[in-house]
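# Structural overview for review
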Number of protein chains: 2
Amino acid sequence: MPRKPSQKKVKEKLLNIGGEVMLRQGYNYSGIEAVLEKAGVPRGSFYYYFKSKEDFGLQVIEQYARQVGSDVDQFLNDQTLSPLTRLRKYFEIMCEKFERDRCRGGCLVGNLSQELSDQSDIFRETLDSILSAMSTRFKSCLKQAQAYKEIPSDLNVEDLADFVLNSWEGAILRMKVTKNTAALRMFIDTIFDRVLGNRIS
Amino acid sequence: MPRKPSQKKVKEKLLNIGGEVMLRQGYNYSGIEAVLEKAGVPRGSFYYYFKSKEDFGLQVIEQYARQVGSDVDQFLNDQTLSPLTRLRKYFEIMCEKFERDRCRGGCLVGNLSQELSDQSDIFRETLDSILSAMSTRFKSCLKQAQAYKEIPSDLNVEDLADFVLNSWEGAILRMKVTKNTAALRMFIDTIFDRVLGNRIS
């Protein structure tokens, strides 16, 4: 007889499936019942794990952000590559991933930022701090690239890190509409060859 | 006794109010009834003007795109300014507009691209061609800037126009989350001083 899955595993499963459903349908349009059904979890137990749909949505976002953050860290901490090469490689790998996903879904944090920023302060604040934390990761990498003399020392890496992040979200948005990765490739080329390019005297 | 508004005016009113409602709530979450109520139009007459909610949504997007397109054209055809100054001025005026709107709403085309690209091919294709048409406007302005020697002649203005548009959409997304226009100002500075900056030997 199979053992009952632990409560921690059930909760994790609900958060993962919630992430998949919200990536496709957004928050408002995602039904808790569909998530429970897909997870094979009885309806009654939802409120054992979560206080409300809002609580669930916030935890879905936080779990997604932890996962993406840890992926980014893995790339940006790769000491075998130069700082700028690490960052470029991250975007290139993401581009291949989106290609495999047939340019669907995009970025859950970007999607929900679009959908919920005007509707809910608690969602907006959560998404804001996740995007800030991502920008801080990029900033740290760009600072290392400056120390490594890969980019000019007079560049304002604080602003540039935000510009890179925002433009990346914009490129993902356009990818979803065109259903090809041209926007992502153009983003990579323009950011690394032109914006961060070390071509200024 | 006031004259009955013409059918054309009623339809226009429904499309404008539809645009306002969808800018705030997205497409899926916007109810036709709320739009009709706000417009003071009886429920029964909706299907006189539109075949379905989808038909209404598509016409809302097209009317919005016509309006934005005509605004952009007005700026980009201003022969009293240099091509690059015209483009920069457009973004600066939009930045002030978003500031007045307290960084709410954003861009209807960007919002619905995010929401609907994976759900409906007809919406996706409509949004795709609107974004392409906007990119073509930017491209034409950048070509004039090349002829005017404001930007290097070897820049690929086709790709850059798309990059500018996508990054602008990304900056608007971030503005919605942070509820300030720092992302828009950073976009303007980085695009005009760095990406299009004529600083290459």
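Just so you know, these numbers come straight off a predicted model, no measurement behind them.

Moving on, we come to the relation of the copies chain A and chain B. Aligned on chain B, chain A shows an RMSD of 0.0 Å; the corresponding rotation is 180 degrees and the shift along the axis is 0.0 Å. Interpreted geometrically, this transformation is the action of a two-fold axis. In this assembly the copies share their binding face: 100% of the residues contributing to the interface of chain A also contribute to that of chain B.

All told, the structure shown has 31 aromatic pairs over all chains when counted by the stated rule. With centroids separated by 5.3 Å and ring planes inclined at 40 degrees, the aromatic side chains of Phe-46 of chain A and Phe-50 of chain A adopt a geometry described as tilted. Grouping residues by exposure puts Phe-46 of chain A and Phe-50 of chain A together as buried. Ring geometry for Phe-98 of chain B and Trp-168 of chain B: centres 6.5 Å apart, planes at 50 degrees, overall tilted. A residue pair is termed long-range when its members are at least 10 positions apart, and Phe-98 of chain B in helix H5 (residues 83–100) and Trp-168 of chain B in helix H8 (residues 157–178) qualify at 70 residues. No difference in accessibility class separates Phe-98 of chain B from Trp-168 of chain B, as the two residues are buried. Linked through ring pairs, Phe-75, Tyr-90, Phe-91, Phe-98, Phe-138, Trp-168, Phe-187 and Phe-192 of chain A together constitute an aromatic cluster. Over the ring of Phe-98 of chain B we find Lys-97 of chain B, and its NZ or CZ is 5.2 Å from the ring centre.

To continue, consider the interface of chain A and chain B. Buried accessible area, meaning the area lost when the parts come together, often serves as the stated size of an interface. Taken together, the contacts link 48 residues of chain A with 48 residues of chain B. The junction of chain A with chain B conceals about 4200 Å² of combined surface from both sides, 55% of it contributed by carbon and sulfur atoms. If you look at where chain A meets chain B, you find 4 salt bridges. Here Asp-118 of chain B makes a salt bridge to Lys-179 of chain A, at a shortest N to O gap of 2.6 Å. Our enumeration of links across chain A and chain B arrives at 17 residue pairs in polar contact (both at pLDDT 80 or more). Looking at the side of chain A that touches chain B, the elements that each hand over two or more residues are helix H1 (7–25), helix H6 (108–116), helix H7 (121–147), helix H8 (157–178) and helix H9 (182–195) of chain A. For the side of chain A that touches chain B, the element with the most residues is H8 of chain A, which contributes 15 residues. Of the residues in the side of chain A that touches chain B, the class split is 18 nonpolar, 17 polar and 13 charged.

Within the element layout of this structure, Cys-103 of chain A appears in the loop between helix H5 (83–100) and H6. C-alpha separation for the pair Cys-103 of chain A and Val-35 of chain A, spaced 68 residues apart in sequence, amounts to 23 Å. When neighbours within four sequence positions are excluded, Cys-103 of chain A is seen to be in contact with Phe-98, Met-175, Lys-176, Lys-179, Asn-180 and Thr-181 of chain A together with Asp-118 of chain B.

Unusually for a residue other than glycine, Lys-179 of chain A sits at a positive phi of about 60 degrees. Position of Lys-179 of chain A relative to the elements: it lies in the loop between H8 and H9. For Lys-179 of chain A, a relative accessible area of 23% translates into the label partly exposed. The phi dihedral of Cys-103 of chain B falls on the positive side, at around 60 degrees, and the residue is not glycine. For Cys-103 of chain B, a relative accessible area of 4% corresponds to the buried category.

For the rest of this paragraph, the subject is H1 of chain A. Residues and elements named next belong to chain A. Under the 1.5 Å per step criterion, the end-to-end length of H1 is 26 Å for 19 residues, consistent within 8% with the ideal 27 Å. Along H1, the residues that are buried comprise Val-10, Leu-14, Leu-15, Ile-17, Gly-18, Gly-19, Val-21 and Met-22. Next to the buried residues of H1 lie helix H2 (32–39), helix H3 (46–49), helix H4 (53–76) and H6. Remark: Gly-26 follows H1 within two positions and exhibits a positive phi of approximately 80 degrees.

Moving on, we get to the packing of H8 of chain A against helix H9 (residues 182–195) of chain B. Two quantities define a packed helix pair, namely the angle between the axes and the distance from one axis to the other. For the pair H8 of chain A and H9 of chain B, interaxial distance at closest approach is 10 Å and the crossing angle is 100 degrees. Classed by the angle they form, the pair H8 of chain A and H9 of chain B counts as roughly perpendicular. Residues Asp-159, Leu-160, Asp-162, Phe-163 and Asn-166 of chain A of H8 of chain A touch H9 of chain B, and the partners they reach there are Ala-183, Met-186, Phe-187, Thr-190 and Ile-191 of chain B. Class assignment for the residues of the contact of H8 of chain A with H9 of chain B results in 6 nonpolar, 2 polar and 2 charged.

Conventions we followed
Residues numbered from 1 in each chain as written. Chains lettered and ligands numbered in written order. Predicted model: local features only at pLDDT ≥ 70, side-chain atom pairs only at ≥ 80, totals over all residues. Heavy atoms only, no water. Least-squares fit on C-alpha atoms with pLDDT ≥ 70 in both. Contact = heavy atoms within 4.5 Å. Phe/Tyr/Trp six-rings, centres within 6.5 Å; stacked < 30°, edge-to-face > 60°. Buried < 20%, exposed > 50% of the residue type's maximum accessible area, 1.4 Å probe, protein only. Helix = DSSP H or I, 4+ residues; strand = E, 2+ residues; numbered from the N terminus. Lys NZ or Arg CZ within 6 Å of the ring centre and 35° of its normal. Buried area = accessible area lost by both parts, 1.4 Å probe. Salt bridge = Lys/Arg side-chain N within 4 Å of Asp/Glu carboxyl O. Polar contact = N/O pair within 3.5 Å; in protein donor to acceptor, adjacent residues only side chain to side chain. Nonpolar A, V, L, I, M, F, W, Y, C, P; charged D, E, K, R; others polar. Expected span 1.5 Å × (residues − 1). Axes fitted to C-alpha atoms, helices over the stretch in contact; angles between N-to-C directions. Parallel < 35°, antiparallel > 145°, perpendicular 65-115°, else oblique.

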